[in-house]
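Observations on chain architecture
Each chain is listed here by its residues.
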Amino acid sequence: DERGMAFLDFPVNTSTIRADYRGNAAELAKIARTIDRVRADKDMTITRIAVKGHASPEGSYASNRRLAEARTRALIDYLRALYDFDAALFALDYEAEDWAGLRAFIDGSDWAEREALLAICDSDTSPDEKERQLRARHPAAYRRLVAECFPALRHSDYTVEYTVRGFDVAEARQVIWTDPSKLSLQEMYAVAQTYEVGGKEYNAVFEAAVRVYPTDSVANLNAAVAALSAFSSMEIMPPGSFICLAAIS
């Protein structure tokens, strides 16, 4: 998949996409570039476009919930009209208020009120009560949050999911060196078998596999074996030299 985050601006209490409003043209173009990059690749087929909208805590939770849903739906409608995609291709999700993003911003700050602000964010009270306490107890900090943090909390996360066609071994031998992310592990291992065991290209295939699939245990094991094999074949080093081997995990 390809993922991104767009920051669209809307006039107060509206959910209509205006491409000419503030920085929307650049943000919409960013989404389009992601979709176009996948659409233009003859080896890829888009299977799903997921969009999740977020709103900031400013205002009532109920109002922000409606806005987050409506604005996310508006973005999907905009993309459907732009590309003539079927509605079934899209998945809509939304989060009324991005408190996780707000907390991360505060936690990363050096503000004197940092701990007090975090305590409010972590409390068991309702979102509306948290926002009221931030405003009432820390008015100066709240104004800074509105100016410096809240705009970044109003974002749309998008994911373009796609499938990649299968490659025969001859094709995969070319793709492994140009765009290995298109290959499955099985295709990579089939390519490796066409090279001399322990050779430079053979080991490079396993290195590519673990870069593309870093959490796969088999890919990690194969890369480790290839690295150790390459190390064991090195000439003895002069006295005083050393090599640091990093464990692959």
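Structure report, in brief. All chains use their own residue numbering, which begins from 1 and follows the written sequence. Only residues with pLDDT of at least 70 get local features here, since the model is predicted, and only at 80 or more are side-chain atom pairs given and counted; chain-wide, interface and lining totals rely on the full set of residues. Excluded from the side-chain calculations are hydrogens and water; all other atoms, namely the structure's heavy atoms, are used.

To continue, consider the environment of Arg114. Helix numbering and strand numbering both begin at the N terminus, where a helix is a DSSP run of H or I of at least 4 residues and a strand a DSSP run of E of at least 2. Along the polypeptide, Arg114 turns up in helix α4 (residues 114-121). Relative accessible area decides the class of each residue, using a 1.4 Å probe on protein chains only: under 20% of the type maximum gives buried, over 50% gives exposed, and in between gives partly exposed. For Arg114, a relative accessible area of 22% gives the class partly exposed. Taking C-alpha positions, Arg114 is 39 Å from Val212, a pair spaced 98 residues apart along the chain. Note on contacts: a residue pair qualifies if any of its non-hydrogen atoms lie within 4.5 Å across the two residues. Excluding its chain neighbours within four sequence positions, the residues that come into contact with Arg114 are Ile106, Asp107 and Ser109. Of the polar contacts made by the side chain of Arg114, one reaches the side chain of Asp107; its length is 2.6 Å. Think of a polar contact as two N or O atoms within 3.5 Å of one another; within protein, one of them needs to be a possible hydrogen donor and the other a possible acceptor, and neighboring residues in sequence only count if both atoms come from side chains.

Formed by 23 residues in total, the largest nonpolar core has its most connected members in Ile35, Ile46, Ile49, Leu75 and Phe85. Breaking this core down by element, the ones donating at least two residues are α1 (24-39), β2 (44-54), α2 (61-83) and β4 (156-164). Non-local contacts of Ile46, meaning those with residues more than four positions away in its chain, are made with Ile35, Val38, Arg39, Phe85, Leu89, Val160, Glu161 and Tyr162. The term nonpolar core refers to a set of buried residues drawn from Ala, Val, Leu, Ile, Met, Phe, Trp, Tyr and Cys, joined through side-chain atoms within 4.5 Å.

By this rule the span expected of a helix is its residue count minus one, scaled by 1.5 Å. Compared with an ideal rise of 1.5 Å per residue, which puts 16 residues at 22 Å, α1 spans 22 Å between its outermost C-alpha atoms and is within 8% of the ideal. Every buried residue of α1 is accounted for by Asn24, Glu27, Leu28, Ile31, Ala32, Thr34, Ile35 and Val38. Angularly, the buried residues of α1 cover 150° about the axis, an arc narrow enough to put them on a single face. Lining the buried residues of α1 we find β1 (2-6), β2, α2 and β4. To obtain the arc, one takes the directions from the helix axis to the C-beta atoms.

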